[in-house]
Each structure stands twice: as structure tokens, then as C-alpha cells.
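So the chains spell out like this:
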Amino acid sequence: MPVITIQSKLPNVGTTIFTVMSALAAEYNAINLGQGFPDFMMNSQLVELVNKAMRAGNNQYVHMNGLPSLTERLAEKMQLLYAAAINATDEITITPGGTYAIYTALTTVLKPGDEVIVFEPAYDSYIPNIIINGAIPVLIPLTYPTYSIDWELVKTNISSKTKMIMLNTPHNPTGSILSSFDIEQLRSIVKDTGIFILSDEVYEHLIFDNRQHESMLRYPDLMERSFVCFSFGKTYHCTGWKLGYCVAPAALTKEFRKVHQFNCFSCHSPVQFALEKFINQKEQYLQLGAAIQQKRDYFQQLMQQTKFKGLPSYGSYFQLYSYADASEENEKELAIRLTKEYGVATIPLSSFYNKEKDDKVLRFCFVKKESTLEEAVNRLMKF
Ligand code: PMP
Ligand code: GLN
């Protein structure tokens, strides 16, 4: 027996599927339509602004809540987009990415035994983040094939222990979005309760077909109980920069910062100095949905030459494709075989469920150069 043994706090958790599939893609020299990141260059002006900030000496700690001039610009942006009156000093905290913002919000609120409503399929960090806090994920399936929320099912799953409802719009992995009907349902369910909302809105600008992003920020009665999480990585095509922010009312933010200050304290400073300037170029985010929609449409059109059948994607980096008519293989087996034998990596939808599941659906990331999408589809046509 070794002297040191460790008892896992997450015994059922392995390595995230994104790392697994990206490693397999690299090993087999496959085109990576699995993990969600763009394969094209980000805006060079923003790169230049970071360089400038470094050369100007902006390389030391900034305020633990974030660079004040950046949080002020963010408050202005939220006013412009969602008519939300957000106080930059008390209600916005810059974080090292959206994932960290989500983890911190959960850790701020959850106590052992608390229940959290989570819709499945769910982004893979949510459930481990809940469990590590000793809380209990209450899993509610989204309704196939629209991946919408069954609010009657939500009502029957609310208990005296329900501490939080987690939402994600636009949704990873399905590309579904919340509608005004969903907002009305949510409002009526949480009214007069102590239930918090965690709203993961990292894809706020990646919304297609002129649809409206239903941010919690639009609704003061929802916002008073919400932690809303964002990521600059998705907005500016720099996922590796890992910078994001959490917006929450002052009382919630105060507690959030107690956790944040002893975990991270403050985030990368030159990037904040650069973003504070770049964020003024509104067209960068206002045109993003239309630009990425073109990629979705192009990929969808190319994929018609294959046996994969596309499900609707209204937002995010992703579209689900069914292969139910083409193969009996389970999702994971097929995702591995497509990577090894056909040279295209994807993510099996089952990775976003807690229990074994097999809908014969794979997730494709289409935020890639046209040439990448063309080559990937050429390969998939052989399947
Ligand atoms: N939530 C969802 C749904 C995501 O897809 C991502 C992407 N990684 C994140 C949160 C986290 O973003 P970040 O890379 O800024 O941590
Ligand atoms: N959000 C990205 C995705 O869903 C990946 C982020 C990660 O690798 N953790 O593919």
C-alpha cells in the first residue's frame, strides 16, 4: 500500500472529450471539427493592441474585479444591446474565461445537498462543477429533435432543495436557443422563490437568421437572481486567451468576488487594456452572427452530399448531424472511426449526457475556413 492515497472528489470523471478528440485528431492527422475553436486568424488589430499594451508597460496586476475602463465599456455594451442598467463597479467581474465564471458562480451559491436543475445534453463542465460542491444535479432532458425545454417537467422537478437553474443560450452542443415563451415560463416558475439562475451566454453574438438573443440581462425580474457568464474567446475568435466575465447583481457579485479573489485574484492585464479599446468597434460583434451563419449555411449545403442529416442550429459554433439512416454504430465508436479512418474528428452527443445514451448524433464545429469545411466534407462523402 502506498503511504499517500488520494480519494477522488470526482470518481466518475475522466478526461474531457474535447481533449480526447483533439488528441486523436492530432494523432491521426484528422481535420478537427470536434473541439469548438476557429481555425482562422483572429483580428490582427486586436493582436496589435495587446502587443502595444505590453510595450507600454501594462504588465502588472490590474484590479481584482477587472480593469475598470473595460468593465465600464462592458456596462455600456449591455445597455446598448439589452437595455440593461448594469453597474460596472459592483456588478461585473472579469474572469479567466467563461468556464471559470460558471464554476465560481456555482461555488458561490451551492451548499452540500442543494439541487441544481441542469438540462441535458449539457456542456461538460456543469455536472462535475455541481458535484464538487457537494450539490446534486437534477437532470432534465431537452426534447428531441428541437432540444427545447419541457417546462412541465421542470415544474415537477422543482423541490424545496432547488437552489439554481442552469441555462445555456445559444446552446452547446445543440445550437438551440431560448425563445420568449421560454422566458415567460422561467419567469413564472422562479417568481416568489429563492431560486438562482446561472445563464451561460458565451455564444450571445453567435445567433442566426435574425433571431433575438434572450439574455437574462433583458429582464430585471430574472436578472435580480442571475449570474450571467460570457467569454471574450468566442466573440473575438481567441478561445486560447481564456478571458470572460460574470454579470450579477451587487449582492451576488460581492459573494462571487469572495471566491474569485482567492482563486485567481486578477486576470491577464495586457488583453484587458487591448479589449477596452477594441470593444468600441461595435461592428465586430454586431456582424458576427451573420458572418458565422454563412459558415453554418455553407457547411450545411456541403453536408447534403453525405449521409449525415443536419438538425437545426440557431446559434453557437455547432450543428448536430444524425447518422441514424447510415449506421448502427454507437456515437463514440463512430466518432473514433471517422477520425481514424476518414480523417474527420467530431464530438459524440452522448458525451454531453451523464448516463449512457446513443441517439446516433454527432456534433460538428463549423467555425472553420471554407477550405477546411470543403476538405472535411470530401472525406465524409466516402462514409
Ligand atoms: N460555456 C459553453 C457552453 C462553452 O461552449 C464554452 C466554450 N469553451 C464555455 C462555456 C467556456 O468558455 P471559455 O473558453 O471562455 O472558458
Ligand atoms: N467549448 C468548447 C467546445 O464545446 C471547448 C472548450 C474546451 O475544450 N474545454 O468544444
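Scroll up to find the structure this text is about.
Below is a summary of the structure that appears in this document. Computed from a predicted model, the values in this text were never measured in an experiment. (Residues numbered from 1 in each chain as written. Chains lettered and ligands numbered in written order. Predicted model: local features only at pLDDT ≥ 70, side-chain atom pairs only at ≥ 80, totals over all residues. Heavy atoms only, no water.)

Scanning the protein from N- to C-terminus turns up 16 helices and 13 strands. For a compact globule of 383 residues, the expected C-alpha radius of gyration is about 21 Å, and the protein comes in at 21 Å, within 12% of that figure. In terms of overall dimensions, the protein has C-alpha extents of about 55 × 55 × 55 Å along its principal axes. Counting the 383 residues in the protein, one finds 55% classified as buried. Here the contacts in the protein between residues at least 6 apart in sequence split such that 78% fall between residues at least 24 apart. Accessible surface for the protein amounts to roughly 16,900 Å². Of this, 52% is attributable to carbon and sulfur atoms. Positive and negative charge centroids in the protein, built from 36 and 39 side chains respectively, lie 4 Å apart. (Helix = DSSP H or I, 4+ residues; strand = E, 2+ residues; numbered from the N terminus. Rg over C-alpha atoms; globule rule 2.2 N^0.38 Å. Buried < 20%, exposed > 50% of the residue type's maximum accessible area, 1.4 Å probe, protein only. Contact = heavy atoms within 4.5 Å. Areas by Shrake-Rupley, 256 points an atom, 1.4 Å probe, with all protein chains shown as cover. Lys, Arg positive; Asp, Glu negative; His and termini not counted. Charge placed at Lys NZ, Arg CZ, Asp CG, Glu CD.)

Each strand in a sheet pairs with another by means of backbone hydrogen bonds, the pair being arranged parallel or else antiparallel. Strand order in this open sheet of four strands is β9-β10-β13-β12, and the pairing throughout is antiparallel. Whereas interior strands pair on both sides, the edge strands pair on one side only; in this sheet they are β9 (309–310) and β12 (347–348). As paired elements, strand β10 (residues 318–322) and strand β13 (residues 361–365) share five bridges and run antiparallel to each other. Residue pairing in the sheet places glutamine 319 in a bridge with phenylalanine 364 of β13. Sheet strands touched by helix α14 (residues 288–303): β10 and β13. Its angle to β10, the strand with the most contacts, is close to 15 degrees. (Pairing = 2+ DSSP bridges. Axes fitted to C-alpha atoms, helices over the stretch in contact; angles between N-to-C directions.)

Turning our eyes to something else, we now look at the packing of aromatic side chains. Any pair of aromatic rings gets described here by the distance separating the centres and the angle formed by the planes. The final tally for this structure, using the stated rule, is 21 aromatic pairs. Aromatic pair phenylalanine 18 and phenylalanine 352: ring centres 6.0 Å apart, planes at 55 degrees, arrangement tilted. Taken together, the positions of phenylalanine 18 in helix α1 (residues 17–27) and phenylalanine 352 in the loop between β12 and β13 put the pair 334 residues apart, joining distant regions of the chain. Accessibility expressed as a relative area gives 2% for phenylalanine 352, which makes it buried. Centroid distance phenylalanine 308 to phenylalanine 383: 5.3 Å. Interplanar angle 25 degrees. Geometry classified as stacked. Here the residue phenylalanine 308 occupies a position in the loop between α14 and β9, and phenylalanine 383 occupies one in the segment after α16 (370–380), the gap between them amounting to 75 residues. The pair formed by phenylalanine 308 and phenylalanine 383 is uniform in burial state, with each residue classed as buried. An aromatic cluster is present here, built from Phe299, Phe308, Tyr321, Tyr342, Phe364 and Phe383 joined pairwise through their rings. (Phe/Tyr/Trp six-rings, centres within 6.5 Å; stacked < 30°, edge-to-face > 60°.)

Here the focus is the site of ligand 1. Close to ligand 1 lie 13 residues, the nearest being Thr99, Asp200, Tyr203, Ser231 and Lys242. For ligand 1, a nitrogen atom lies 3.2 Å from a polar atom in the side chain of lysine 234. At a separation of 2.6 Å, an oxygen atom of ligand 1 approaches a polar side-chain atom of lysine 242. When ligand 1 sits alone it has 390 Å² of accessible area, and the protein chains cover 93% of it. For the shell around ligand 1, the element with the highest residue contribution is helix α5 (residues 98–109), accounting for three residues. Residues that form the shell around ligand 1 fall into these classes: four nonpolar, six polar and three charged. (Near = heavy atom within 4 Å. Polar contact = N/O pair within 3.5 Å; in protein donor to acceptor, adjacent residues only side chain to side chain. Nonpolar A, V, L, I, M, F, W, Y, C, P; charged D, E, K, R; others polar.)

This paragraph deals with the site of ligand 2. Every residue close to ligand 2 is listed here: Phe18, Gln35, Gly36, Tyr123, Asn172, Tyr203, Lys234, Phe318 and Arg363. Contacts to ligand 2 include glutamine 35, whose side-chain N or O atom sits 2.7 Å from an oxygen atom. For ligand 2, a nitrogen atom lies 3.5 Å from a polar atom in the side chain of lysine 234. Considered on its own, ligand 2 offers 300 Å² of accessible surface; in the complex 80% of this is hidden by protein. Residue classes in the shell around ligand 2 are distributed as four nonpolar, three polar and two charged.

A few words on helix α8 (residues 180–190). Here α8 has its buried residues at Asp182, Ile183, Gln185, Leu186, Ile189 and Val190. Axial view of α8: buried residues confined to an arc of 165 degrees, hence all on one face. Buried residues in α8 make contact with α7 (151–157), β5 (162–168), β6 (196–200) and α9 (220–223). Following α8 by one or two positions, aspartate 192 has its phi on the positive side, about 60 degrees. (Arc of directions from axis to C-beta.)

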